[in-house]
Amino acid sequence: MAPSTSSVITLKINGEQYTLPVDHRTTLLDALRERLGLTGAKKGCDQGQCGACTVLLDGRRIVSCLQLAIAAEGCAITTIEGVADGDRLHPVQQAFLDLDGYQCGYCTPGQICSALAVIEEHAAGWPSAVTGDVRSEAGVPVLSAEEIRERMSGNLCRCGAYVSIVAAVARAAEAAGAGTEPGDGVEEAVA
């Protein structure tokens, strides 16, 4: 007897439970978009290189085009549809809106989900590839424009709205209590 190639899984998405049968090869992105109608995460490259499909899995950002839906069972999944509090936008969403951190909007859901994780990672003291001092006693690195660009580098914007995206992330981080570095251009971009 051949092994089964499908299973019934339960996914916890934006605080709600969804039970659905899936082929074991179904990606989380395809389950979200095609099976559950949650079309915020976009299919860009379908190779994990553009970040348009970024969602949060247990609070950490992932590219959902490379995550199998069956492997996400038991995890808390947050998509762009679950970021706002009812009609009240999340501060990151509001910053993107206020500072034009989008043009066509295709990459924006992934950018916002990634920005949410960037702010959390920074607050937790996680260094990036451009963090000058990675020793734990150095404390939380300053969230400079260079840090934001590096931390958001997995999310591409084909329209080139990067300056506004960095400003939006900086404003949202500032609202969350994270400091920016004087003289790095972030505060001018936010002003």
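Calculation notes
- Residues numbered from 1 in each chain as written.
- Predicted model: local features only at pLDDT ≥ 70, side-chain atom pairs only at ≥ 80, totals over all residues.
- Heavy atoms only, no water.
- Axes fitted to C-alpha atoms, helices over the stretch in contact; angles between N-to-C directions.
- Helix = DSSP H or I, 4+ residues; strand = E, 2+ residues; numbered from the N terminus.
- Parallel < 35°, antiparallel > 145°, perpendicular 65-115°, else oblique.
- Left-handed = near helix turned anticlockwise from the far one by under 90°.
- Contact = heavy atoms within 4.5 Å.
- Salt bridge = Lys/Arg side-chain N within 4 Å of Asp/Glu carboxyl O.
- Buried < 20%, exposed > 50% of the residue type's maximum accessible area, 1.4 Å probe, protein only.
- Lys, Arg positive; Asp, Glu negative; His and termini not counted.
- Polar contact = N/O pair within 3.5 Å; in protein donor to acceptor, adjacent residues only side chain to side chain.
- Expected span 1.5 Å × (residues − 1).

Enquirer: Could you clarify how one ought to interpret the packing of helix 3 (residues 108-123) against helix 5 (residues 162-175) in this entry?
Expert: Two packed helices can be described by the angle between their axes and the distance between those axes. In contact at an axis separation of 10 Å, helix 3 and helix 5 are set at 45° when each is read in the N-to-C sense. Classified by the interaxial angle, the pair formed by helix 3 and helix 5 is oblique. Here helix 3 runs over helix 5; the crossing is right-handed. Contacts from Gln111, Ala115, Val118 and Ile119 of helix 3 reach helix 5 at Ile165, Val169, Ala172 and Ala173.

Enquirer: Can you walk me through the pattern of salt bridges in this structure?
Expert: Scanning all chains against the criterion turns up eight salt bridges. Among the ionic pairs, Arg25 bridges to Asp23, the shortest N-O distance being 2.8 Å. Notably, a salt bridge pairs Asp46 with Lys43, separated by 3.8 Å at the nearest N-O pair. Judged by relative accessible area, which is 38%, Asp46 ranks as partly exposed. Owing to a relative accessible area of 30%, Lys43 belongs among the partly exposed residues under this scheme. One network of salt bridges, with partners in common, ties together Asp30, Lys43 and Asp46.

Enquirer: Whenever I open this one, unusual backbone geometry confuses me. Can you help?
Expert: Trans peptide bonds make up the majority, and among non-glycine residues the majority have a negative phi. You will see that Asp58, though not glycine, has its phi angle at about 55°, which is positive. Residue Asp100 is not a glycine yet carries a positive backbone phi of 55°. Mapped onto the elements of the fold, Asp100 is located in the loop between helix 2 (91-98) and helix 3. Note on Asp100: relative accessible area 46%, which makes it partly exposed.

Enquirer: Looking at this structure, how should I read the side chain of Lys42?
Expert: You can see Lys42 is positioned in the loop between helix 1 (28-35) and strand 3 (54-57). Despite being buried, Lys42 has no salt bridge partner; Glu81 is the closest side chain of opposite charge, sitting 6.6 Å away. At 3.2 Å, the side chain of Lys42 and the backbone oxygen of Gly40 are in polar contact.

Enquirer: Help me understand helix 5, please; the structure alone is not making it clear to me.
Expert: Each full turn of the α-helix corresponds to 3.6 residues, which orients residues three or four apart in the same direction. Compared with the 20 Å implied by 1.5 Å per residue over 14 residues, the 20 Å span of helix 5 between its first and last C-alpha is a close match. Considered for burial, the residues of helix 5 that qualify are Ile165, Val166, Ala167, Ala168, Val169, Ala170, Ala172 and Ala173. Just beyond helix 5, the residue with positive phi is Gly177, at close to 100°.

Enquirer: Would you explain the side chain of Asp30 in this entry?
Expert: Secondary-structure assignment places Asp30 in helix 1. Judged by its relative accessible area of 19%, Asp30 falls in the buried class. Ignoring sequence-local partners within four residues, the contact set of Asp30 consists of Arg35 and Lys43.

Interpretation note: all reported values are geometric properties and have no functional meaning in isolation.
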